[in-house]
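Fold and geometry: a report
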Amino acid sequence: MLPERLEKPYDFRETEERIYKKWEESGYFNPDNLPPRHKEPFSIIMPPPNVTGILHMGHAAMLVIEDIMIRSERMRGKKTLWLPGTDHAAIATQSKVEKILEKEGIRKRDLTRDEFFKRAEQFAQESHDTIVNQVRKMGASVDWSREAFTLDKKRSLAVRTAFKRMYEEGLIYRGNRIVNWDPKGQTTISDDEVEHKETKGKLYTFKYSHDFPIPIATTRPETKIGDTGVAVHPNGKWKEYIGKQFMIKDFVGYELNIKIIADESVDEGFGTGAVGLTPAHSQTDWHIAEKNNLPIKQVINGHAKINSGPLEGKKTLEAREEIVEWLKKNNLFEKEEEMVQNISVAERSGGTIEPLPKLQWFIAVNKEFTKEDGGKTTLKKLMREAVESGAIKIIPERFEKIYYHWIDNLRDWCISRQILYGHQIPVWYCLLSTCTDKEIMYNPQTNRMVVPRSEKIKPIVSIEKPEGCPRCGVKELHQDPDTLDTWFSSGLWTFSTLGWPDKNSLDLKNYHPTSVLETGYDILFFWVARMILMSEYFLGEVPFKTVYLHGLVRDAKGQKMSKSIGNIVDPIDMIAKYGADATRMSLVIGAPAGSDISLSEDKIKGYKHFGNKLWNIARFILLHTEEMGDESGQPATLALKDKEYIAEMENLIRDVTEALASYRFHIAGEALYHYVWHTLADKIIEESKAVFAGDDELLKKSRAQTLGTLLRNSLLMLHPFMPFITEELWSIAQKKDSGETGETNKPKLLIIESWPHQS
RNA sequence: GCGCCCUUAGCUCAAUGGUAGAGCGUUCCCUUCACACGGGAAAGGCCGAAAGUUCGAUCCUUUCAGGGCGCACCA
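Cut-off values and rules
- Residues numbered from 1 in each chain as written.
- Chains lettered and ligands numbered in written order.
- Predicted model: local features only at pLDDT ≥ 70, side-chain atom pairs only at ≥ 80, totals over all residues.
- Heavy atoms only, no water.
- Pairing = 2+ DSSP bridges.
- Helix = DSSP H or I, 4+ residues; strand = E, 2+ residues; numbered from the N terminus.
- Axes fitted to C-alpha atoms, helices over the stretch in contact; angles between N-to-C directions.
- Contact = heavy atoms within 4.5 Å.
- Disulfide = S-S within 2.5 Å.
- Domains from an automatic or database assignment.
- Buried < 20%, exposed > 50% of the residue type's maximum accessible area, 1.4 Å probe, protein only.
- Salt bridge = Lys/Arg side-chain N within 4 Å of Asp/Glu carboxyl O.
- Polar contact = N/O pair within 3.5 Å; in protein donor to acceptor, adjacent residues only side chain to side chain.
- Phe/Tyr/Trp six-rings, centres within 6.5 Å; stacked < 30°, edge-to-face > 60°.
- Lys NZ or Arg CZ within 6 Å of the ring centre and 35° of its normal.
- Expected span 1.5 Å × (residues − 1).
- Near = heavy atom within 4 Å.
- Nonpolar A, V, L, I, M, F, W, Y, C, P; charged D, E, K, R; others polar.

Overall, antiparallel pairing links the three strands, which are arranged β8-β7-β13 in an open sheet. Here the strands that pair on one side only, and so sit at the sheet edges, are β8 (216-218) and β13 (333-346). Taken over all neighbouring pairs, the strand axes of this sheet differ in orientation by 25° on average, direction set aside. Judged from the three bridges that link them, strand β7 (residues 194-206) and β8 form a sheet pairing that is antiparallel. Within β8, the residue paired with Y204 across the bridge is T218. Of the strands in this sheet, β7 and β13 are in contact with helix α7 (residues 316-329), which crosses β13 at around 165°.

Encoded structure:
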């Protein structure tokens, strides 16, 4: 007798939604509700998807791998917490909202800060709802009761608390330094958000004036009106001029005052062996200028235009042409050569980065401070040591090298952004003239200080809005209009989600450090490194013990998925067509840690067929056996052949368990796939048909029991990979069981069943 | 420039110090009472090139070629 539900082919559309609901109602996603055998905590905090739209295959891959870990650990008796959330994604969300407003014919400047913020929140909410729905569809066994958002109230308190503490320690400071200015987005961005693109450029060689002895080579003539020095090699061909100062009365109508200085970094072999220094518009030059006390002369403004003099208002490229023309006309031009150069581009907006000096907030990564144990360290050291000591293991290991390399090149992190959507910096200013000696222009409508931002206005850093100015007592204070880099709040993610800054939080005690962080290798620096920094600093412990990095999901030809190529495979479409189980399998098998996954619809379809196969295996087995087998082990009466089958299964259990423990999910998945199809179905079941057609009752009984055990273990181990169909089959097999033994046996959900024993 | 990865079946990719696998595709046979979303059979790979280590290498080492990626203040 076949159970009724097995008579029909497997219908994932009907099943998946029903099963997910059943899991949610069971409460088992929440570790607090797990049965008492679940003691040892196992926690993963989900990398929060950006609330900028919908989930893509990369997110799907992330969800699957994390769910496999959570489900298998839950079955192995761990107290599993998988905490979900979303990220407000500051710049990314803001630019999306701006585009939407643009379509509605609304300009950003027509809205107040609050109005804009409301629109952004509304968009974020809609996007959040879509994402949550998608996460459910994937079958992710996350604890919704603990869901978090990087910009909600609790996280905001964490951010402000963190900011204040770091400020008081001197690790957050406000400084006038060269930043990566994005003229298109009108904001600073961090070094990591800058992409270097190879482009064809020209190297121009010229002299400032006929009296000036040294020719200079440059790719950006427009910046040369901001030159205040020339660097040459201390022992090079120009050394006789070191220390001399030259006044150039007319350089394209500008007056230059150039000092020749020596610097080891000058490459004699490149260009003319002399570098024209533009401290205000080049990171390198800034440092050399600082060492040599050269003045800093800003000539380009935030709109990438010349800010003064005869060329005022000209765009950089226009100014470049005019300067080259002027040089040629005045016989100062020597030559121009084609060359490949790297141009800096803002990752989000695509704008060409203009290095500019600006008054911004930074995190000092090289500044020494005293740890709780009295030892001295820096944030950079904390980040390095966490991995070096082995406290954090990165999988695959090769990314550890990449991580160190990044840390070694790390400079102070600019955290202030001139955008509206995000955590507003918890800093207030008193603008009364008694508290500052500079006049401030302030636009109350936009809550923006127009200019000049000044170091002379003293910041008042506070978690909550201060009652009044601590110096003059005046009530009216103005909050810094800038918001924080989105990675500042996500850096706190592993502990801000667990109750920090409340140090008595039970969740924080139980689940931090988290067990595993699983994410794409593309945000190793952006995010993983920042979490290590924050957790080490604020809690003195690692945020996670293991980092598992997955690759990018690419199309069938290995190309990056993108809208312009039109090769995007949408997880939700695939779930609708082939089911979540099939989609999950396709993202695990053939996808080892750290390497890119190439995905095709055919691959997903293949795993849908596998689901069908599994369904029919269960049909066959349940047709011939009374029960699926239980934990009590093998009866002594098993036939020889059946003992072999059981032994084979035990090997599989060992292999799969080991593969999972070593984070080789693709191996585990493939082993199961291969066993179920090509061993259980093709060999064992085929051979069993003859057994059941025969008349040896003992043999039949032995085989039926064996098949029941094989099915049982297959379902158990496949569950983390294909949770829906396995749970459904489990419930069917259980029902048959309890139907015969009476109704007191409440069927147990597969989700909390015990992982098969290894012998 | 520094560093990392990849090169395996027609395509996209796994695995492994000792007979090489998956998905899709190709050829032939079979509607047999789990499944045609199936079964059976088959074709197809000197595992990028060369040298070395080893009883033995696709796997380890070195060099080379091609491809990809990360980082970087070549003015």
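What follows deals with the state of the cysteines. This structure, assessed with the given rule, holds zero disulfides. In this model C430 remains outside any disulfide bridge; the closest cysteine sulfur is found in C472, 3.6 Å from its own.

Attention now moves to the domain arrangement of chain A. Here the domain parsing of chain A yields domain 1 (34-163 + 486-550), domain 2 (187-354) and domain 3 (600-752). Domain 2 and domain 3 are separated by 72 Å when their C-alpha centres are compared.

Bringing unusual backbone geometry into the picture now. Of the consecutive residues I395 and P396, the connecting peptide bond is found in the cis state with omega at -5°. The topology assignment puts P396 in the loop between β17 (393-395) and α9 (398-408). Looking along the chain, the bond that leaves W500 and enters P501 is cis, with omega of 10°. Tracing the chain through its elements places P501 in the loop between α11 (493-496) and α12 (506-511). With phi around 55°, Q186 is a residue other than glycine that occupies positive phi space. Checked against the element boundaries, Q186 lands in the loop between β5 (172-182) and β6 (187-189). The class of Q186 is partly exposed, set by a relative accessible area of 27%. Positioned with a positive phi, Y663 is a non-glycine residue whose angle comes to about 60°. With respect to the element layout, Y663 can be found in the loop between α17 (640-661) and α18 (665-693).

Another point: the pattern of salt bridges. Enumeration according to the criterion identifies 39 salt bridges in this entry. Residues E728 and R18 are paired through a salt bridge, measuring 3.1 Å at the closest nitrogen-oxygen approach. Of this pair, E728 sits in helix α20 (residues 723-741) while R18 sits in helix α1 (residues 12-26), and the two are 710 residues apart along the sequence. Classification of E728 as buried rests on a relative accessible area of 1%. Its relative accessible area of 26% is what places R18 among the partly exposed residues. For E753, the salt bridge goes to K748, with nearest N and O atoms at 3.9 Å. Its relative accessible area of 6% is what places E753 among the buried residues.

With respect to the helices and strands, the residue N30 is situated in the loop between α1 and β1 (41-45). Considered as a pair, N30 and S145 are 115 residues apart in the sequence and their alpha carbons are 7.3 Å apart. For N30, the residues in contact, after removing those within four places along its chain, are D143, S145 and R146. Of the polar contacts made by the side chain of N30, one reaches the backbone nitrogen of D32; its length is 2.9 Å. There is a polar contact of 3.0 Å between the side chain of N30 and the side chain of R146.

In this section: the packing of aromatic side chains. Here the structure, examined in full by the defined rule, presents 36 aromatic pairs. Judged by centre distance (6.1 Å) and plane angle (20°), the ring pair of F610 and W677 falls under stacked. With F610 in helix α16 (residues 601-624) and W677 in helix α18, this residue pair connects regions lying 67 residues apart in the sequence. Each member of the pair, F610 as well as W677, carries the same accessibility label: buried. Grouped by ring-pair contacts, the aromatic residues F206, Y208, F212, F246, F251 and W326 constitute a single cluster. In this structure, K358 packs its charged tip against the face of W181, placed 4.1 Å from the ring centre.

Counted at 1.5 Å a residue, the expected span for helix α19 (residues 697-718) with its 22 residues is 32 Å, and the 31 Å between its end C-alpha atoms agrees. Buried residues dominate α19, accounting for 16 of its 22 residues. Put simply, D696 is the residue that caps the front of α19, since its side-chain oxygen is 3.1 Å from the backbone nitrogen of L698.

Take the protein's contact with RNA strand B next. Around RNA strand B, a shell composed of 45 residues is seen, among which D267, T284, A556, S598 and W677 lie nearest. Sugar plus phosphate: this is where 67% of the atoms of RNA strand B within 4 Å of the protein reside. For RNA strand B, a sugar or linking oxygen lies 3.4 Å from a polar atom in the side chain of H405. Within the side chain of D602, one N or O atom sits 3.0 Å away from a sugar or linking oxygen of RNA strand B. Contributing elements (two or more residues each) for the surface near RNA strand B: β13, α9, α16 and α18. Among the residues forming the surface near RNA strand B, the class breakdown is 15 nonpolar, 15 polar and 15 charged.

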